[in-house]
Amino acid sequence: MRVFNNTIELVAELNTARNRGISIGFVPTMGALHQGHLSLINEASKENDIVVVSIFVNPTQFNNSDDLRKYPRNLEKDTELLKNTKCSLVFAPSEKDIYPDENSKNSNYQLGKITEVLEGKFRPGHFDGVATVVSRLFEIVKPSKAYFGQKDLQQFLIINRLNSLYLKHLNIELVKCPIIREADGLAMSSRNLLLDKEKRKSAAIISQTLYKALEIYRKFSVTNLRKWVIESINKDTNLKVEYFELVNDPDLDEILEWDQNKRIVACVAVFAGEIRLIDNVYFN
Ligand code: AMP
């Protein structure tokens, strides 16, 4: 496994590989790697000759400077972990490498309403930052396939739209991988490292409530189920729901009543103390 901190060297290496007909799988991450990330690498290694993993904590997607400052970073530990995976190349660029000047931090993609709901509503500018960094990384790596987690479902749907509207020339296939969970159901996340013992315990209630909702939803109206989920999570004094929404995949329109013909997904964002956690579960 080789580590590149520099775009020029990585591009040269990948050009040589591509010219030899080698297929490239790409897993973009912000580091503090866990089994969720490793599952994407594993999937990528099954479908491609080599796997590139990027580690870059992207400042433009943080709407809260405190959140950016606190975000866990440990490149050394991450590279150690990656040595035991099928990752072939690690790309850990500097901020200057990704954003050579202030102008490059902005893009002007029009991706529609799916960027404005759920996370978009509570983290203004977040998806502009995501779209900017993903397009930059895609232009650098030019993979055959790129792997994302359902954990960030809205992000996946937005990148899918970005890919088909603006990045078609790169001909990249996107793959959505399932959410990997801890034994008690909590969706794995780099942010879980920031939870103290008590909040970590409470955080398991989030996914447990989503799964309970999946079991019982047909007995409730949409409005009453929403109420039940929010109340069940908020009952724990360590937790505070920011939003709980039932939406359809891929448009993220709000669901007003149960409909067998829609791919309904329940999406939630919860504060465990100061740490913001997200999760989602498909209902059909
Ligand atoms: P991040 O480092 O948080 O930006 O995540 C990098 C990629 O890993 C994104 O595509 C995430 O959706 C994915 N990911 C994060 N957590 C999980 C998880 N628990 N299961 C599966 N994929 C995940």
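Above this text is the structure in question.
Residues numbered from 1 in each chain as written. Predicted model: local features only at pLDDT ≥ 70, side-chain atom pairs only at ≥ 80, totals over all residues. Heavy atoms only, no water.

Student: So, the sheet that holds strand β4 (residues 89-91): which residues are in play, and what are the values?
Tutor: Whether parallel or antiparallel, the strands of a sheet pair through hydrogen bonds between backbone atoms. In space, the six strands of this open sheet follow the order β1-β4-β3-β2-β5-β6, with parallel pairing throughout. If you trace the sheet from one side to the other, it starts and ends with β1 (2-4) and β6 (173-177), each paired once. Sheet twist, expressed as the mean angle between neighbouring strand axes with direction ignored, is 25°. With five bridges connecting them, strand β5 (residues 145-149) and β6 associate as parallel partners. Looking across to β6, one finds that Gly149 is bridged to Cys177. (Pairing = 2+ DSSP bridges. Helix = DSSP H or I, 4+ residues; strand = E, 2+ residues; numbered from the N terminus. Axes fitted to C-alpha atoms, helices over the stretch in contact; angles between N-to-C directions.)

Student: Residues and numbers for the environment of Glu43, please.
Tutor: Within the secondary structure, Glu43 sits in helix α2 (residues 35-47). A residue is classified by how much of its surface remains accessible, and Glu43, at 24% relative accessible area, is partly exposed. For the pair Glu43 and Glu139, spaced 96 residues apart in sequence, the C-alpha to C-alpha distance is 22 Å. Among all residues touching Glu43, those that are not within four sequence positions of it are Tyr147 and Cys177. (Buried < 20%, exposed > 50% of the residue type's maximum accessible area, 1.4 Å probe, protein only. Contact = heavy atoms within 4.5 Å.)

Student: Hey, could you go over the environment of Leu68 for me, with residue numbers and the actual values?
Tutor: For Leu68, the position within the fold is in helix α3 (residues 65-70). Separated by 50 residues in the primary sequence, Leu68 and Leu118 place their C-alpha atoms 20 Å from one another. When near neighbours in sequence (up to four residues on either side) are disregarded, Leu68 contacts Val57, Pro59, Phe62 and Arg73.

Student: Give a description of the sheet that holds strand β7 (residues 239-248) that names residues and reports values.
Tutor: One open sheet accounts for three strands, arranged β7-β8-β9; its pairing is antiparallel. Strands at the two margins of the open sheet, each flanked by one partner only, are β7 and β9 (275-282). In this sheet, adjacent strand axes meet at a mean angle of 15° when their direction is disregarded. One ladder, built from nine bridges, connects β7 with strand β8 (residues 264-272); its direction is antiparallel. Its bridge partner being in β8, Val241 is matched across the sheet by Val270.

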